[in-house]
Structure formats: structure tokens, C-alpha cells
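A structural walkthrough
Spelled out, the chains give:
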Amino acid sequence: MLIKRTVRLTALNWFRSYLSSRCFRVKCNNDFSTPHTCLCGVPQGLVLGPLLFVMYTTPLSTLVSSLSLNHHLYAGDTQLFLLSFHPSDFHSNISHLQNALQQISSSMTANLLTLNSSKTEFLLIGLKQQLFKI
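Residues numbered from 1 in each chain as written. Predicted model: local features only at pLDDT ≥ 70, side-chain atom pairs only at ≥ 80, totals over all residues. Heavy atoms only, no water.

**Quick word on helix H3 (residues 90-110)**
Note the cut-off: Numbering of helices and strands starts at the N terminus; helices are DSSP runs of H or I of at least 4 residues and strands are runs of E of at least 2. By this rule, a helix spans an expected 1.5 Å times one less than how many residues it contains. Only protein chains enter the accessibility calculation, which uses a 1.4 Å probe. A residue is then buried if its area is under 20% of the maximum for its type, exposed if over 50%, and partly exposed in between. By arc we mean the arc of the directions from the helix axis to the C-beta atoms, nothing more. It only takes one pair of heavy atoms within 4.5 Å for two residues to be counted as in contact.
Here H3 spans 30 Å end to end across 21 residues, near enough to the 30 Å set by a 1.5 Å rise per residue. Listing the buried residues of H3 in full gives Phe90, Asn93, Ile94, Leu97, Ala100, Ile104 and Met108. All buried residues of H3 fall inside an arc of 125° around its axis, so they share one side. Every exposed residue of H3 that faces more than 90 degrees away from the buried side is listed here: His91, Gln98, Thr109 and Ala110. Tucked into the core, H3 has its buried residues touching helix H2 (48-66) and strand E6 (77-81). Backbone geometry just after H3 places Leu112 at a positive phi near 65°.

Structural data, given as C-alpha cells:
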């Protein structure tokens, strides 16, 4: 039992040291900015970056699935989609998507992420006859 606890504590300390007290600076031509401390995030280009990103976004994926929505995650983008619905169900489906976006936004805020509303779009695809009914 003590060995498991030691391993867990060692791993936790390793992650903590990897993610905390990091500094960065910007280089432009041959000039460097003054160093700034990173308060959150993972350094780009390191092996653990993609793994930590997946660990960080998995709760978002779980939340979207629990809302009975299909979704696709790619890099920093998330797409939600309904495969199909009857035109008479349009308003209830829109309400469902709006409620889902509110829950997703709240979850993201709680995890120090931001939903970019200026990049949030709604796309409706259908035959002219179907779209006319909406």
C-alpha cells in the first residue's frame, strides 16, 4: 500500500513540477522580451502536451455525450451536431442546443477554458421544401 501511495505522490509531484513555475519569453529578430510566468497551460512541442490535452478535454466530451448530442473534437475545436430532425421539432431542438451550449460554457469556465461565442455557429442543411417549413 505504501508503494502505491509513493508512486502516486511521485507522479503527482512530477506533473506539478512539469506544469508549474514555467516562464516564457518572445523572440523577435535577435531581441527577447522580459520573461513572464505561465499561470496555466502546457508548453508547446513537448511529448506530454497531447496526452494532457486529451485528459483535460475528456470531461467536455463526457458532458456533450450526456446531453444526447453527437460531437467531434479536433485540436481546440468542438463540433456538436444533430443528425436529423423533423421540421415540426425545430424549436425544441434549438432549445436543446442552446441549453447544451450553456452547460458546456459553464463547464468550460469552471475548468479555465472559454467558449468563443464569436466562433459559435449554427448550420442548418436540408432540402428547400424542408427548410421552407421551418
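From this point on, the discussion continues.
**Re the pairing of strand E5 (residues 70-74)**
Quick reminder of the rule: DSSP bridges decide pairing: two strands pair if at least two such bridges lie between them.
For E5 and E6, the ladder comprises five bridges, and the chain directions are antiparallel. Within the sheet, the bridge partner assigned to Leu73 lies in E6 and is Thr78. Linkage of E5 to E6, two consecutive antiparallel strands, is achieved through a turn of two residues, within which Ala75 is found at a positive phi near 50°.

**Regarding unusual backbone geometry**
For Asn29, which is not glycine, the phi dihedral falls at a positive 60°. For Asn29, the position within the fold is in the loop between strand E2 (27-28) and strand E3 (31-32). Here Asn29 falls in the exposed class, since its relative accessible area comes to 68%. In this model, Ser68 sits at a positive phi of 60°, which is unusual for a non-glycine residue. Position of Ser68 among the secondary structure elements: in the loop between H2 and E5.

**Structural notes on the side chain of Asn93**
Looking at the secondary structure, you find Asn93 in helix H3. On the accessibility criterion, Asn93 (15% relative accessible area) is buried. Setting aside residues up to four positions removed in sequence, Asn93 forms contacts with Leu82 and Phe85.

**Considering the packing of aromatic side chains**
Our working rule: Here the aromatic set is Phe, Tyr and Trp, taking the six-membered ring for Trp, and pairing holds for ring centres within 6.5 Å; pairs whose planes are under 30 degrees apart are stacked, those over 60 apart are edge-to-face, and all others are tilted. Geometrically, a lysine NZ or arginine CZ counts as sitting over a ring once it is within 6 Å of the ring centre and also within 35 degrees of the ring normal.
The final tally for this structure, using the stated rule, is one aromatic pair. Ring geometry for Phe85 and Phe90: centres 6.3 Å apart, planes at 35°, overall tilted. Its end group placed over the ring of Phe32, Arg25 keeps NZ or CZ at 4.1 Å from the ring centre.

**Regarding the nonpolar core**
Note the cut-off: Put simply, a nonpolar core is a bunch of buried Ala, Val, Leu, Ile, Met, Phe, Trp, Tyr and Cys residues held in one set by side-chain atoms that sit within 4.5 Å of each other.
Ranked by size, the top nonpolar core spans nine residues in total: Leu60, Leu63, Val64, Leu67, Leu69, Leu97, Ala100, Ile104 and Met108. Here the element with the most residues in this core is H3; it accounts for four residues. Beyond its immediate sequence surroundings of up to four residues, Ala100 is in contact with Leu67 and Leu69.

**Brief notes about the confidence of the model for the protein chain**
The condition is simple: Values of pLDDT, which run from 0 to 100, indicate the predictor's confidence residue by residue.
This prediction gives the protein chain a mean pLDDT of 82; 94% of its residues lie at or above 70. Of all helices and strands in the protein chain, the one with the weakest mean pLDDT is helix H1 (residues 2-19) (75), whereas E3 scores best (94).

**Here we look at H2**
For clarity, the cut-off: Note that bend, as reported per residue, equals the angle between axes fitted to the 7 residues terminating at that residue and the 7 residues originating from it.
Its 19 residues give H2 an end-to-end C-alpha distance of 28 Å, which sits within 8% of 27 Å, the value for a rise of 1.5 Å per residue. A maximum bend of about 35° is found in H2 at Thr57, where proline Pro59 lies one to four positions downstream.

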